[in-house]
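Reading the structure
Residue-level listing of the chains:
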Amino acid sequence: MTKDSYLVGLIGSGIGPSLSPALHEREADRQGLRYLYRLIDIDDLGVPPEAVGDLVRAARDLGFDGLNVTHPCKQLVIPHLDALAPQAQALGAVNTVVFEDGRAVGHNTDVTGFAASFARGLPDAPLERVVQLGAGGAGAAVAFATLTLGAGRVTVVDALPERAAALADSLNRHFGAGRAAAGTPDSLAGLLARAEGIGGVVHATPTGMAAHPGLPFPAELLSPGLWVAEVVYRPLETELLRTARAAGCATLDGGGMAVFQAVDAFRLFTGREPDSARMLEDIAELAGAVPAPK
């Protein structure tokens, strides 16, 4: 039976500026639902990330319908769940927990969110060679999504070489040998040159966020034969996107991933179909209207 009242939340660190509550609650209002989305910030609570299991149990006992989970708890939450959806299991990261019949089931809507955004925003982009910056939680989901979309080969570049290597190993185990590789920052120029005309760049590091302004790599490495996809969505217009467009690159902002992961989470929480077009309008308004954190 479909309900008309929902209590959900987000567990993470430093999540005060998150747009998830507004995205979910606006769509719920349009559907005539009572929907309360609470922030559960471990910094405000003064507890370590390892407390995520206690927070999940408390939310379940208090009658929450589900939770979103973000940095730094996406991996730590897994041992505290009763079951995992196949994508979350393969990725080893959870960003959505649904409480059903007393059980906590983990999902990952970051993967499906990026895949849907990319298919909508860069539908004809060549995927023979993809260079990805960032091998953290978002990077793992995005690389998984890019290979799911049919990328021939994804080379992951990270400031921590061992993290890039671990992600590449994981991707090769899942998608087959040779589909992923690890690169170092000093190999970036060559990697981008080899991707020209047959691929592009996915950016999945914090560089470009309001608190981390700047470019993740020198502007002269961009050429019109590359597409550029951004994961950062605050601001929607990052310095990388501005620079890439000026260089003649096709671009994709991070708003679509933020919306489509929320679309999938809303569907999991409520069993109702959200209006992604309206939510894309919401993110443009919300990301533009919210002042950058000091």
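Notes on the structure follow.

Points about the overall build of the protein
From N to C terminus, the protein includes 11 helices and 12 strands. For 294 residues, the compact-globule estimate of 2.2 N^0.38 gives 19 Å, and the protein sits close to it at 19 Å. Along the first, second and third principal axes, the C-alpha set of the protein runs to 55 × 40 × 35 Å. Per-residue burial over the protein gives 49% buried out of 294 residues. Across the protein, contacts joining residues at least 24 apart in sequence account for 70% of those joining residues at least 6 apart. Taken as a whole, the protein presents about 12600 Å² of accessible surface, with 53% of it coming from carbon and sulfur. Each charge sign in the protein was given a centre, from 23 positive and 33 negative side chains, and these centres are 2 Å apart.

Digging into the environment of Gly197
Inspection of the secondary structure assignment puts Gly197 in the loop between helix 8 (188–195) and strand 10 (199–203). In this structure Gly197 comes out as partly exposed when scored by relative accessible area, which is 49%. Between the alpha carbons of Gly197 and Ser223 there is a distance of 9.3 Å; along the sequence they are 26 residues apart. Discounting chain neighbours no more than four positions away, the residues touching Gly197 are Pro126 and Gly225.

Let's talk about the packing of aromatic side chains
Each aromatic ring pair is described using two quantities: the centre-to-centre distance and the angle formed by the ring planes. Using the criterion set out here, one finds 5 aromatic pairs in the structure. Centroid distance Phe118 to Trp227: 5.0 Å. Interplanar angle 75°. Geometry classified as edge-to-face. Of this pair, Phe118 sits in helix 5 (residues 109–121) while Trp227 is found in strand 11 (residues 226–230), placing the two residues 109 residues apart along the sequence. Judged by relative accessible area, which is 3%, Phe118 ranks as buried. Clustering of aromatic rings is evident, with ring pairs tying together Tyr6, Tyr35 and Phe266.

Things to note about empty space enclosed by the protein
In total, this model carries 1 cavity of 30 Å³ or more according to the counting rule given. As a volume, the largest cavity reaches approximately 40 Å³. Forming the boundary of the largest cavity are Arg129, Val130, Val131, Arg153, Thr155, Leu191 and Ala195. Ranked by residue count, the leading element in the lining of the largest cavity is strand 7 (residues 129–133), at 3 residues. A class-by-class count of the residues in the lining of the largest cavity yields 4 nonpolar, 1 polar and 2 charged.

Remarks on the sheet that holds strand 9 (residues 180–183)
In space, the 6 strands of this open sheet follow the order 9-8-7-10-11-12, with parallel pairing throughout. The sheet is open, and its two edges are formed by strand 9 and strand 12 (250–252), each paired on a single side. Averaged over all pairs of adjacent strands, the angle between strand axes in this sheet comes to 20°, irrespective of strand direction. Two strands pair when backbone bridges link them, and strand 7 and strand 8 (residues 153–157) are joined in this way by 5 bridges, in the parallel orientation. Among the inter-strand pairings, Gln132 is bridged to a residue of strand 8, identified as Val156. In the packing of helix 7 (residues 161–175) onto the sheet, contacts are made with strand 7, strand 8 and strand 9, and the angle to strand 9 comes to roughly 175°. The strands touched by helix 9 (residues 239–246) are strand 10, strand 11 and strand 12; relative to strand 11, the strand with the most contacts, the crossing angle is about 160°.

With respect to the packing of helix 5 against helix 10 (residues 255–270)
Where helix 5 contacts helix 10, the axes come no closer than 7 Å and their chain directions differ by 130°. Classified by the angle between their axes, helix 5 and helix 10 sit oblique to one another. Considering how the two elements wind past one another, helix 5 and helix 10 form a crossing that is right-handed. Contact with helix 5, carried on its side by Thr109, Asp110, Thr112, Gly113, Phe114, Ala116, Ser117 and Arg120, involves Gly256, Met257, Phe260, Gln261, Asp264, Ala265 and Leu268 of helix 10 and no other residues of that element.

What to know about the layout of surface pockets
In this structure, the second largest pocket encloses a volume near 170 Å³. Looking at the second largest pocket, the residues that line it are Lys3, Tyr6, Asp65, Val98, Phe99, Glu100, Leu268 and Phe269. Secondary-structure elements contributing two or more residues to the lining of the second largest pocket are strand 5 (96–100) and helix 10. Along the lines of polarity and charge, the residues of the lining of the second largest pocket split into 5 nonpolar, no polar and 3 charged.

Definitions and limits used
- Residues numbered from 1 in each chain as written.
- Predicted model: local features only at pLDDT ≥ 70, side-chain atom pairs only at ≥ 80, totals over all residues.
- Heavy atoms only, no water.
- Helix = DSSP H or I, 4+ residues; strand = E, 2+ residues; numbered from the N terminus.
- Rg over C-alpha atoms; globule rule 2.2 N^0.38 Å.
- Buried < 20%, exposed > 50% of the residue type's maximum accessible area, 1.4 Å probe, protein only.
- Contact = heavy atoms within 4.5 Å.
- Areas by Shrake-Rupley, 256 points an atom, 1.4 Å probe, with all protein chains shown as cover.
- Lys, Arg positive; Asp, Glu negative; His and termini not counted.
- Charge placed at Lys NZ, Arg CZ, Asp CG, Glu CD.
- Phe/Tyr/Trp six-rings, centres within 6.5 Å; stacked < 30°, edge-to-face > 60°.
- 1 Å grid on protein atoms, 1.4 Å probe; cavity = no way out; pocket = protein on both sides within 12 Å on 5 of 7 lines; lining within 4 Å.
- Points joined across faces, edges and corners; volume = space filled by probe spheres on them.
- Nonpolar A, V, L, I, M, F, W, Y, C, P; charged D, E, K, R; others polar.
- Pairing = 2+ DSSP bridges.
- Axes fitted to C-alpha atoms, helices over the stretch in contact; angles between N-to-C directions.
- Parallel < 35°, antiparallel > 145°, perpendicular 65-115°, else oblique.
- Left-handed = near helix turned anticlockwise from the far one by under 90°.

Shape is all these values report; function is a separate question.
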